Amino acid sequence: MIQKNSKAAEMRQVERLIGRILRIGVIVSALVIGLGLILMVMRGNGGYPNGIQPTGFRTIFNGVMALKPYAVIMLGLFLLILTPTLRVVVSIYAFAIEKDHLYVWITTLVLVILIIASVIGYLGH
Amino acid sequence: MTYSLLLLLGVGLLAGIFGAILGIGGGLIITPVLTLGMGLDIKYAIGASIIAVIATSSGATIAYLKDDMLNLRVAMFLEIATTVGAVLGAVLTGLVHANFLYFLFGALLVFTTYNMIRKLLSKASDAQNVQADQLATKLNLNGTYYDKALKEQVDYQVQNVPGGFTMMFGAGFASGLLGIGSGAFKVLAMDTIMHMPLKPSSATSNLMMGVTAAASAMVYFFNGSIKPGIAAPLAIGILVGALIGTRIMEHLKPRLIRMIFVPVMLYLGIQMIAKGFGVTI
């Protein structure tokens, strides 16, 4: 019984951790997107020729270094897309603590599909 | 430019508020506003709305996690089906004709409205006599949650796992193709096919929407469908709106909001279907 209680407490702690990670992810991405928006209003444009926007890692990185509004926004949006993925990663950890090996594998499979999706997206552009 | 930024912020704010209250992710609201209202190409509207879905889902999940309402095992198991479907859908958008997308989107709006009407009319309770099937037991999908309205702990069983899994693949496909969370399909799969109670169904659906959307969002992000100038103000508006929405929901009866919303959704749905056939009403 004591063991069960401590396990339940541990789970609650993990859930709180998942919540905190999600919140931090959302706040950080919102701040970056917000910064990009402010830059965009100050400059009056996105920092790129009409109809052009950065989509690759390198162009976004270079754009962020040059504080180009669109690049900063894309970085923020990328972080926002990453938050649910981060959630999946933390869930693997939660199932591992519960010693639920079946679900460690199932959740890992979901993560692998997400990674394959990014690769397809990156190669397809 | 400042005008259109403020307009998009406002649209996002409203979509966030209604999306959070109705549990529909915001994508269903944003796509018609961007395409019908602002004349944006549906491809870019889809890119913007997938961002909206992720923002709403992450916000709502934080609220639900504290209630132990969602079933993480059901979510992760079914997520295998939705993510595969979502990637396929997102890859196919480039190949599918825009008119077909309009039609599909309109049909989905009408379907969601139909679901809302059904919920308005029925006084169904969650009490169901459900026998867990072998697969559900093997996968440890059965769960328990604390119902605040009933003030008791509710244990529940899950049925027809293959049926739910298949439906989820369809939900993921629609989500990837149209840039929506397809929360209505997800709730349908869990609530109607697998006989999970409604509250954990919608909480779990909210979590799943974000993960499903993330799978296709990566494809959209790199192929340039996500326009920073459009998605950014929407995302900020939605994040703030979702926060307000969850606060409002505590004080409002969802029934009232649904009643206001049903005619609007129906109208937008029919308009989109018409646009799919090349007619502008």
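Structural data are supplied above this passage.
Every value quoted in this text rests on a predicted model; they were computed, and no experiment measured them. (Residues numbered from 1 in each chain as written. Chains lettered and ligands numbered in written order. Predicted model: local features only at pLDDT ≥ 70, side-chain atom pairs only at ≥ 80, totals over all residues. Heavy atoms only, no water.)

Draft legend 1. Expanded view of the interface of chain A and chain B. Listed per partner, the contact involves 49 residues of chain A and 46 residues of chain B. On the chain A side of the interface with chain B, the three residues burying the most area are Ile81(A), Arg87(A) and Tyr103(A), jointly 14% of the side's total. The interface formed by chain A and chain B contains 2 salt bridges. As a salt-bridge pair, Glu98(A) and Arg73(B) come within 3.5 Å of each other at their nearest N and O atoms. Along the contact surface separating chain A from chain B lie 5 residue pairs in polar contact (both at pLDDT 80 or more). Looking at the side of chain A that touches chain B, the elements with two or more residues in it are α1 (2-43), α2 (57-65), α3 (69-97) and α4 (101-124) of chain A. A per-element tally of the side of chain A that touches chain B places α3(A) first, with 15 residues. (Contact = heavy atoms within 4.5 Å. Buried area = accessible area lost by both parts, 1.4 Å probe. Salt bridge = Lys/Arg side-chain N within 4 Å of Asp/Glu carboxyl O. Polar contact = N/O pair within 3.5 Å; in protein donor to acceptor, adjacent residues only side chain to side chain. Helix = DSSP H or I, 4+ residues; strand = E, 2+ residues; numbered from the N terminus.)

Draft legend 2. Looking closely at empty space enclosed by the protein. Residues and elements named next belong to chain B. Under the counting rule described, the total for this entry stands at 2 cavities of 30 Å³ or more. Considered as a void within the structure, the largest cavity measures approximately 60 Å³ in volume. Around the largest cavity, the lining comprises 10 residues; the ones closest to its centre are Leu28, Ile180, Ser182, Gly183 and Ala184. Breaking the lining of the largest cavity down by element, the ones donating at least two residues are α5 (98-121) and α8 (183-193). (1 Å grid on protein atoms, 1.4 Å probe; cavity = no way out; pocket = protein on both sides within 12 Å on 5 of 7 lines; lining within 4 Å. Points joined across faces, edges and corners; volume = space filled by probe spheres on them.)

Draft legend 3. Geometry of the side chain of Thr93(B). All names here are of chain B. Locating Thr93 in the fold gives a position in helix α4 (residues 72-93). For Thr93, a relative accessible area of 14% puts it in the buried group. For Thr93, the residues in contact, after removing those within four places along its chain, are Gly176, Leu177 and Tyr220. (Buried < 20%, exposed > 50% of the residue type's maximum accessible area, 1.4 Å probe, protein only.)

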